[in-house]
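Spelled out from the first residue to the last, the chains are:
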Amino acid sequence: MPLFQTKFTADPSPLVVGDTLFLYTSHDASPEDIPDPNERNSAGFYMYDWLLWSTTDMVNWTEHGAVASLKDFSWRSRDNGAWAIQTVEHNGKYYLYAPLHGHGIGVLVSDSPYGPFKDPLGEPLVWQKEHWNDIDPTVFTDDDGKTYMYWGNPHTYWCELNDDMVSVKKDKPSAASLSNGITKLPHIDRYQEGPWLYKKNGWYYLAYASTCCPEALGYAMSKNPTGPWETKGYIMRPTQRDRGNHPGICDYKGHSYVFGQNYDLMHLETFEHHERRSVTATEITYNEDGTIKEVPYWLDQKPMQQLQWLNPYRRVEAETMAWGFGLKSSKMNITNTGVIADMPASTGKRNMYIYDINDGEYIRLRGVDFSAGKSDKGAKSFSITASAEGTAVITLRLDSVDGPVIGTVTVKNTGSVNKYRAFSSKVKNAVGVHDLYICFSNTNGDVRLDWWQFK
Ligand code: FUB
């Protein structure tokens, strides 16, 4: 199932920093966030900002909200078109390469993976004005220090970036070069869009969304970062259950993963087509000759293996979850109206909260280790920091929505949604490793959850 439920997401771009896997994604607006009410039921793309998520175990993800938006590019010509980004680290700085659909590819820079990101150029990094092919940048720095950017739909383009990461090397025209240091490659069989360039065991890989529609996940291999590229099989072959796709590939804690997208979150509510996508992932393995073993469609895979248990005796953000369908999330003190003019400039890390909580909804956390650092005694109490202009009953259950109850706590009116306080309860029989279900009932009014912790 999709990794995230609080928002519609697409175009996954993983980045490993230390022991954390960050995932940058596009953001398909929910109908209520589309400013023009007449467009709310349209099938098209409504994309205004980019999101960030992180994990240390591959199954419980923490949301960090919008890291940047179209507003961070003063030169944009449209208030829509925040398409597929990739963020890379280079010499301690983070570079977020972003297509503004119809207006080339820009770059933002930050000292932190969380941002705030700033535009160092005030103009696109590349923009071939004669067409709208300049989308989906992927950036890779080779062992010799040379950095390559690939992009494009339906053609594949590449250029070399200077070591500043924000300018194109223009002094190395190859036979196929266009003006401005850009090379247009001969057609790569099955290539549609969404390139993802990386290197492993001496091979260069160009994964991509294969020819539309339905797009699947294809890839090509080469002994050179600039090709020639030989198309290989599918990582995931086309299926009528999907339509668009976009790969992001990384190694993390000794495993290899492919991220992609589908419509399976929207399909929980409707099969009528809208560009409301959802990102998901699976583990991949390589054959001896470097080719990638094909994986089944997302819904046909086994659940992702959890890489480490979650410690419930630390502060856990309410927006950390394996599943939370129906819930919403927001950065504290920032109302996302969906209107670019109201969006803040890239804010950097901010505390978030969960809201829009209704009866029957729940937060599921996978693999919670109640014995962590506690020998076999387990948890004695639970505390959640919340604000409310209303109330909600929280029932803590193990292993399923109707599993054994280990505690119950009522969040009461705090007088204001901006006034947070702790609500606590005793806990019984919480020992060992279990999935934790934080279940909501008797909800009314506006209840917001910040973080929780067992003791
Ligand atoms: O998300 C907008 C566009 O859809 C991306 O740029 C493409 O790769 C496709 O996923």
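Residues numbered from 1 in each chain as written. Predicted model: local features only at pLDDT ≥ 70, side-chain atom pairs only at ≥ 80, totals over all residues. Heavy atoms only, no water.

**Q** Where do I start with the domain arrangement of the protein chain in this structure?
**A** Note: interface size is frequently given as the accessible area lost on complex formation between the parts. Domain boundaries in the protein chain define domain 1 (8–294) and domain 2 (316–325 + 357–454). Listed per partner, the contact involves 8 residues of domain 1 and 9 residues of domain 2. Across the domain 1/domain 2 interface, buried area totals approximately 720 Å², and carbon plus sulfur atoms make up 58% of it. The largest share of the area that domain 1 buries against domain 2 comes from Val59, Asn60 and Thr62, three residues that together contribute 53% of it. (Domains from an automatic or database assignment. Contact = heavy atoms within 4.5 Å. Buried area = accessible area lost by both parts, 1.4 Å probe.)

**Q** Please explain the site of the ligand as it appears in this structure.
**A** Taken together, Asp11, Phe45, Met47, Trp83, Ala84, Asp136, Glu193, Asn245, His246, Gln261 and Arg277 form the complete shell of residues around the ligand. Within the side chain of Gln261, one N or O atom sits 3.1 Å away from an oxygen atom of the ligand. Across the complex, the protein chains shield 97% of the 270 Å² of accessible surface that the ligand would expose by itself. Taken together, the residues that form the shell around the ligand break down as 4 nonpolar, 3 polar and 4 charged. (Near = heavy atom within 4 Å. Polar contact = N/O pair within 3.5 Å; in protein donor to acceptor, adjacent residues only side chain to side chain. Areas by Shrake-Rupley, 256 points an atom, 1.4 Å probe, with all protein chains shown as cover. Nonpolar A, V, L, I, M, F, W, Y, C, P; charged D, E, K, R; others polar.)

**Q** Looking at this structure, I do not really get the environment of Ser112. What am I missing?
**A** Tracing the backbone shows Ser112 in the loop between β7 (105–110) and β8 (138–141). Along the backbone, Ser112 and Lys93 are 19 residues apart, and their C-alpha atoms lie at a distance of 6.9 Å. (Helix = DSSP H or I, 4+ residues; strand = E, 2+ residues; numbered from the N terminus.)

**Q** Would you mind showing me how to read the sheet that holds strand β17 (residues 255–262) here?
**A** Within a sheet, neighbouring strands are paired by backbone hydrogen bonds and run either parallel or antiparallel to one another. One open sheet accounts for 3 strands, arranged β16-β17-β18; its pairing is antiparallel. Whereas interior strands pair on both sides, the edge strands pair on one side only; in this sheet they are β16 (248–252) and β18 (278–284). Sheet twist, expressed as the mean angle between neighbouring strand axes with direction ignored, is 30 degrees. The pairing of β16 with β17 spans 5 bridges and is antiparallel. Considered in β17, the bridge of Gly248 is made with Phe259. (Pairing = 2+ DSSP bridges. Axes fitted to C-alpha atoms, helices over the stretch in contact; angles between N-to-C directions.)

**Q** Where do I start with the side chain of Asp134 in this structure?
**A** Considering the arrangement of structural elements, one finds Asp134 in the loop between β7 and β8. One buried charged side chain, Asp134, makes no salt bridge at all; its nearest oppositely charged neighbour is Lys129, positioned 9.8 Å away. Among the polar contacts made by the side chain of Asp134, one reaches the main-chain amide nitrogen of Gln128 at a distance of 2.6 Å. Within the structure, Asp134 has its side chain in polar contact with the side chain of Trp151 (distance 2.9 Å). Those residues in contact with Asp134, other than ones at most four positions away along the chain, are Pro99, Gly104, Ile105, Trp127, Gln128 and Trp151. (Buried < 20%, exposed > 50% of the residue type's maximum accessible area, 1.4 Å probe, protein only. Lys, Arg positive; Asp, Glu negative; His and termini not counted. Salt bridge = Lys/Arg side-chain N within 4 Å of Asp/Glu carboxyl O.)

**Q** What's the story with the nonpolar core in this structure? I'm lost.
**A** A general feature of soluble globular proteins is that nonpolar side chains tend to end up buried together. If you look at the biggest cluster of nonpolar residues, it comprises 35 residues, and the most contacted ones within it are Phe370, Leu436, Leu449, Trp452 and Phe454. Sort the elements by how many residues they give to this core and strand β24 (residues 381–398) lands first, with 8 residues. The next biggest cluster of nonpolar side chains, apart from the first, holds 28 residues, and it includes Ala29, Leu52, Ala68 and Phe117. (Core = buried A, V, L, I, M, F, W, Y, C linked by side-chain atoms within 4.5 Å.)

**Q** Sorry if this is basic, but what is going on with unusual backbone geometry here?
**A** Glycine aside, a negative phi is what most residues show, and trans is what most peptide bonds show. Omega for the bond connecting Gly115 with Pro116 falls within 30 degrees of zero, at 5 degrees, which places this linkage in the cis form. Examined against the element boundaries, Pro116 turns out to sit in the loop between β7 and β8. Despite not being glycine, Asp399 has its phi angle at roughly 75 degrees, a positive value. Using a relative accessible area of 43% as the deciding quantity, one classes Asp399 as partly exposed.

**Q** Hey, could you run me through the pattern of salt bridges in this one?
**A** Close approach of charged atoms lets side chains of opposite charge pair. Throughout the structure, instances matching the rule amount to 17 salt bridges. A salt bridge links Lys199 to Asp143, with the shortest nitrogen-to-oxygen separation between them at 2.8 Å. Of this pair, Lys199 sits in strand β12 (residues 191–200) while Asp143 sits in the loop between β8 and β9 (147–151), and the two are 56 residues apart along the sequence. Here the salt bridges share partners, and the residues they tie into one network are Asp28, Glu275 and Arg277.

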